Amino acid sequence: MAVFTPVTLDDLSQWIKQFPLGKALALKGIASGIENSNFFLTTERGEYVLTIFENLSFEQLPFYVQLMRHLAERGIPVPAPVANDAGELVVALHGKPAAIVSKLDGSSQMDPQPVHCAEVGTILAKMHLAGRDFPLQQPNLRGLDWWVETVPKVLPFLDAETAALLQSELAFQREFAAGPTYAELERGPVHADLFRNNVMFVGERLSGCFDFYFAGWDTWLFDLAVTVNDWCIDLDTGRLDEARVVALTRAYHAVRQFTAADQAAWLPMLRAAALRFWLSRLYDYHRPREAEMLTPHDPTHFERVLRERIARGAPNLTA
Ligand SMILES: Nc1ncnc2c1ncn2[C@@H]1O[C@H](COP(=O)(O)OP(=O)(O)O)[C@@H](O)[C@H]1O
Ligand SMILES: N[C@@H](CCOP(=O)(O)O)C(=O)O
């Protein structure tokens, strides 16, 4: 996260009293990330992460924090939100919604090998199954409707050939989403942003997944495609690395078996996942927000990923 809303220890001295955490002892803004303002927070009770939500509203937030609590209760290693004395998980800070969650052990694995990808495939499938009885519903706010609304806003910044690719991929995805294969895909609450920087490892063991603030109701296969498009590629070319794809998808399949619809939809979903992040990066790049610390992500990376998937396809799901 960048820091869009600065916070000092002084600001927290009264505010923190509503939580069973003792005094706030240290606070450090986190530079990585692009969506919310995040801080490592040390209190008399331990280490936490404080998030101030910059775009999500008080009405939207229960879905995310309750989902984390639901998954944590089912043994998925995710940050546990801390309730205040009134039982609330989301509380105003500087007029914006804020939450405190537990800090996970470990560090990101930015050079993943098949062994790490297998861990990610297993946890993703377990997360999907654990979400089946989650009672709240909220759409993926970065889903098809958002793509349709956002493509016209970025087109003026693109050259003609790139604009044509963006428009033709959107048309392809709209048609696919209206068809029978897409309708058959299983769905539920999904993470929708399970990139390398949102997973912690201690050695080769996955110790946690975080950053659920792009989660929403979507197909499980789309979530898998988002994950594969980050964990299993060569970052310079966007090309899939077959050994990592096989490790991740086999591990997933061992927990939640693929259906015939999953097989048929795999390539369109890999393309959808590339389009989703190409578009959000284009939007953030060309229409940046004010921030104290912000490193925008490179949109051309996911343009390359999309071109690769269109040109070269993907290995079969259970190869
Ligand atoms: N619960 C957590 N435990 C440990 N580290 C965390 C936790 N939440 C966030 N972080 C750290 O903060 C960084 C940015 O968090 P992230 O959720 O990706 O931000 P954003 O919501 O802006 O995308 C992560 O890369 C990680 O280092
Ligand atoms: N993963 C997305 C953007 C979201 O950033 P994160 O730091 O919250 O994961 C991208 O790479 O564009």
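Okay, so let's go over this structure. Predicted model, so just to flag it, every value in this text is computed and none were measured.

1. Observations regarding the packing of aromatic side chains
The description of two aromatic rings rests on the distance between their centres and on the angle between their planes.
In step 1: Applying the stated criterion to the full structure yields 14 aromatic pairs.
In step 2: Ring centres 5.4 Å apart and planes at 10 degrees place the aromatic pair tyrosine 252 and phenylalanine 258 in the stacked group.
In step 3: Positioned over the ring face of phenylalanine 40 is lysine 103, at 4.5 Å from the centre of the ring.
In step 4: Directly above the ring of phenylalanine 214 sits arginine 276, whose terminal nitrogen or CZ lies 4.9 Å from the centroid.

2. Quick look at the nonpolar core
In step 1: Within the largest apolar cluster, 81 residues are counted, with the highest numbers of intra-cluster contacts made by Leu166, Leu224, Val228 and Met269.
In step 2: At 13 residues, the largest contribution of residues to this core is made by helix α9 (residues 260-286).
In step 3: Core analysis: the next-biggest nonpolar cluster, separate from the first, contains 17 residues, Trp15, Leu21, Ala24 and Tyr48 among them.

3. Re the environment of alanine 261
In step 1: Counting through the fold element by element, alanine 261 comes out in helix α9.
In step 2: Alanine 261 sits in the buried class, given a relative accessible area of 5%.
In step 3: A C-alpha to C-alpha distance of 51 Å links alanine 261 and lysine 17, two positions 244 residues apart in sequence.
In step 4: If sequence neighbours within four positions are ignored, alanine 261 has contacts with Thr181, Glu184 and Leu185.

4. A closer look at the packing of helix α3 (residues 114-130) against helix α7 (residues 220-231)
In step 1: Packing of α3 against α7 brings their axes to within 11 Å, and their N-to-C directions diverge by 160 degrees. Here α7 runs roughly antiparallel to α3, going by the angle between their axes. You can see that α3 and α7 cross each other, and the crossing is right-handed. Contacts between α3 and α7 pair Cys117, Val120, Leu124, His128 and Leu129 from the former with Trp220, Asp223, Leu224, Thr227 and Trp231 from the latter.
In step 2: In terms of residue class, the contact of α3 with α7 is made up of seven nonpolar, two polar and one charged.

5. Some words on the sheet that holds strand β3 (residues 46-52)
In step 1: The five strands are arranged β1-β2-β3-β5-β4 in an open sheet whose pairing can be described as antiparallel. One side of each edge strand has no neighbouring strand; the edge strands of this open sheet are β1 (24-29) and β4 (91-93). This sheet shows a mean twist of 35 degrees between the axes of neighbouring strands, independent of strand direction.
In step 2: With seven bridges connecting them, strand β2 (residues 37-43) and β3 associate as antiparallel partners. By the bridge assignment for β3, asparagine 38 is matched with threonine 51.

6. Observations concerning the site of ligand 2
In step 1: Close to ligand 2 lie 11 residues; Asp193, Asn197, Asn198, Asp211 and Arg281 are nearest.
In step 2: Here asparagine 197 contributes a side-chain N or O atom positioned 3.2 Å from an oxygen atom of ligand 2.
In step 3: In the model, an oxygen atom of ligand 2 is placed 3.0 Å from a nitrogen or oxygen of the asparagine 198 side chain.
In step 4: Burial of ligand 2 by the protein chains amounts to 95% of its free accessible area of 330 Å².
In step 5: Split into classes, the residues belonging to the shell around ligand 2 amount to four nonpolar, four polar and three charged.

7. Observations concerning the environment of glutamate 54
In step 1: Structurally, the position occupied by glutamate 54 is in the loop between β3 and α2 (61-73).
In step 2: C-alpha separation for the pair glutamate 54 and aspartate 111, spaced 57 residues apart in sequence, amounts to 30 Å.
In step 3: Here serine 37 takes part through its side chain, which lies 2.6 Å from a polar atom of the side chain of glutamate 54.

8. With respect to unusual backbone geometry
In step 1: In the Ramachandran plot, histidine 94 falls in the positive-phi region, its phi being about 50 degrees despite a non-glycine side chain.
In step 2: Although it is not a glycine, aspartate 211 sits at a positive phi angle of roughly 60 degrees.
In step 3: With respect to the helices and strands, aspartate 211 occurs in the loop between β8 (205-209) and β9 (216-219).
In step 4: On the accessibility criterion, aspartate 211 (22% relative accessible area) is partly exposed.

Cut-offs applied
- Residues numbered from 1 in each chain as written.
- Chains lettered and ligands numbered in written order.
- Predicted model: local features only at pLDDT ≥ 70, side-chain atom pairs only at ≥ 80, totals over all residues.
- Heavy atoms only, no water.
- Phe/Tyr/Trp six-rings, centres within 6.5 Å; stacked < 30°, edge-to-face > 60°.
- Lys NZ or Arg CZ within 6 Å of the ring centre and 35° of its normal.
- Core = buried A, V, L, I, M, F, W, Y, C linked by side-chain atoms within 4.5 Å.
- Buried < 20%, exposed > 50% of the residue type's maximum accessible area, 1.4 Å probe, protein only.
- Helix = DSSP H or I, 4+ residues; strand = E, 2+ residues; numbered from the N terminus.
- Contact = heavy atoms within 4.5 Å.
- Axes fitted to C-alpha atoms, helices over the stretch in contact; angles between N-to-C directions.
- Parallel < 35°, antiparallel > 145°, perpendicular 65-115°, else oblique.
- Left-handed = near helix turned anticlockwise from the far one by under 90°.
- Nonpolar A, V, L, I, M, F, W, Y, C, P; charged D, E, K, R; others polar.
- Pairing = 2+ DSSP bridges.
- Near = heavy atom within 4 Å.
- Polar contact = N/O pair within 3.5 Å; in protein donor to acceptor, adjacent residues only side chain to side chain.
- Areas by Shrake-Rupley, 256 points an atom, 1.4 Å probe, with all protein chains shown as cover.

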